[in-house]
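For reference, the chains in residue letters:
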Amino acid sequence: MATYDIEALKADLPTAKDLAQFVFDRTGISLDLIGKSKDDQYQVAKNALEGKKIPSEFATDLNPYIDKKDLIPVDEVRKLPPRNPDLPDIESRVHFFGAFNMPHPNDPQGDKKVQINFWKYDNGLITYQIMGPLEQIPVGEKINRYGQTVPEKYSWLDPRTEELILRRPDGTYTEKGRGLYAFCSGEKGSGLWTMIDRNIMSVAAKNITDPWA
């Protein structure tokens, strides 16, 4: 591993941008040097060049050749709320079914599909959770400094939900649950309901060969 002299680096690479680009070219490491003291900038760059550990506050995933002004902002991904504490304990689940080709709630007649997990509990409760997928979508338009039309920002088409009740223990359905039941039990849903509303213990019981196990 080559060694580097800090004074020579200062003479050859007088700006933080020059220094960050040089380190990136040699190591593939992106450094965030802007606003840091000159001594720290060059010491961290020397460490990176020599394969030594660098402080986490100097690390970044931004390419030093890209001007931040040219970056298109991306909205943060929405955080799902915690699991409802009123739901039964997950240990009381008796059956799970995952459906991977369900209509997208934002475009139910289109080609987009979502994954939905279904759980049945020992008290007859059935729940569902839309797992995704997330899709990045452009929002608005602007002209960048190169005269190109680009999005103002990127947002997310996010169908995900927390675990929600589909059918209550008394056999009644929630508003969304009625729609899911109608779809899954109908022709369009290919009879999926029989895969959702079942008890794994009763299925397993049909295949028991050792009653004493």
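In short, a report on the structure. (Residues numbered from 1 in each chain as written. Predicted model: local features only at pLDDT ≥ 70, side-chain atom pairs only at ≥ 80, totals over all residues. Heavy atoms only, no water.)

### Points about the overall build of the protein
Counting its regular elements, the protein contains six helices and eight strands. Going from the N terminus to the C terminus, the protein shows its helices and strands as α-α-α-β-β-β-β-β-β-β-β-α-α-α. Relative to the compact-globule value of 17 Å for 213 residues, the protein shows a C-alpha radius of gyration of 28 Å, a clear excess of over 25%. Every one of the 213 residues in the protein was classed for burial, and the buried ones make up 33%. Considering only contacts in the protein between residues 6 or more positions apart, those separated by 24 or more positions represent 55%. In the form shown here, the protein has an accessible surface area of approximately 14,000 Å², with 53% of it arising from carbon and sulfur atoms. (Helix = DSSP H or I, 4+ residues; strand = E, 2+ residues; numbered from the N terminus. Rg over C-alpha atoms; globule rule 2.2 N^0.38 Å. Buried < 20%, exposed > 50% of the residue type's maximum accessible area, 1.4 Å probe, protein only. Contact = heavy atoms within 4.5 Å. Areas by Shrake-Rupley, 256 points an atom, 1.4 Å probe, with all protein chains shown as cover.)

### With respect to unusual backbone geometry
Look at the link from Gly132 to Pro133: it is a cis peptide, with omega at 10°. Here Pro133 is to be found in the loop between strand 3 (126-132) and strand 4 (135-139). With a phi angle near 55°, Ser190 is a residue other than glycine that sits in the positive phi range. Of note, Ser190 is situated in the loop between helix 4 (175-185) and helix 5 (193-196).

### Observations concerning helix 4
Along helix 4, the positions that sit buried rather than exposed are Gly177, Leu180 and Cys184. End-on, the buried residues of helix 4 take up no more than an arc of 65°, which puts them together on one face. Against strand 1 (93-103), strand 2 (113-121), strand 3, strand 8 (164-167) and helix 5 lie the buried residues of helix 4. (Arc of directions from axis to C-beta.)

### Some thoughts on helix 2 (residues 16-27)
In this model helix 2 runs 16 Å from its N-terminal to its C-terminal C-alpha over 12 residues, within 8% of the 16 Å that 1.5 Å per residue would give. Burial in helix 2 covers these residues: Ala16, Leu19, Ala20, Gln21, Phe22 and Val23. Its buried side turned inward, helix 2 meets helix 1 (6-12) and helix 3 (38-49). Positive phi appears at Gly28, one or two residues downstream of helix 2, with a value of about 80°. (Expected span 1.5 Å × (residues − 1).)

### Topic: the packing of aromatic side chains
Summed over the entire model, instances satisfying the criterion amount to six aromatic pairs. Between the aromatic rings of Tyr4 and Phe22, the centroid separation amounts to 6.3 Å while the plane-to-plane angle is 80°, which identifies the pairing as edge-to-face. In this pair, Tyr4 is assigned in the segment before helix 1 and Phe22 in helix 2, connecting sequence segments 18 residues apart. Classification of Tyr4 by relative accessible area gives partly exposed; the value is 22%. Relative to Trp119, the ring of Phe96 has its centre 5.9 Å away and its plane inclined at 45°; by these criteria the two rings are tilted. Of this pair, Phe96 sits in strand 1 while Trp119 sits in strand 2, placing them 23 residues apart in sequence. Taking the relative accessible area as the measure of exposure, Phe96 reaches 43% and is therefore partly exposed. Members of the aromatic cluster, joined through ring pairs, are Tyr173, Tyr181 and Trp193. In this structure, Lys36 is placed above the aromatic ring of Phe58, and the distance from its NZ or CZ to the ring centre is 5.1 Å. Over the ring of Trp119 we find Arg93, and its NZ or CZ is 4.2 Å from the ring centre. (Phe/Tyr/Trp six-rings, centres within 6.5 Å; stacked < 30°, edge-to-face > 60°. Lys NZ or Arg CZ within 6 Å of the ring centre and 35° of its normal.)

### Things to note about the sheet that holds strand 2
Across a sheet, strands are paired by hydrogen bonds formed along the backbone, either parallel or antiparallel in direction. Pairing in this open sheet of four strands is antiparallel, and the strands run 1-2-3-8 from one edge to the other. Looking at strand neighbours, the two that pair on one side only are strand 1 and strand 8, the edges of this open sheet. For this sheet, the mean inter-axis angle between neighbouring strands, taken without regard to orientation, is 30°. In terms of strand pairing, strand 2 meets strand 3 through six bridges, oriented antiparallel. Looking across to strand 3, one finds that Trp119 is bridged to Thr127. The sheet strands contacting helix 4 are strand 1, strand 2, strand 3 and strand 8, and the helix crosses strand 1 at an angle near 75°. (Pairing = 2+ DSSP bridges. Axes fitted to C-alpha atoms, helices over the stretch in contact; angles between N-to-C directions.)

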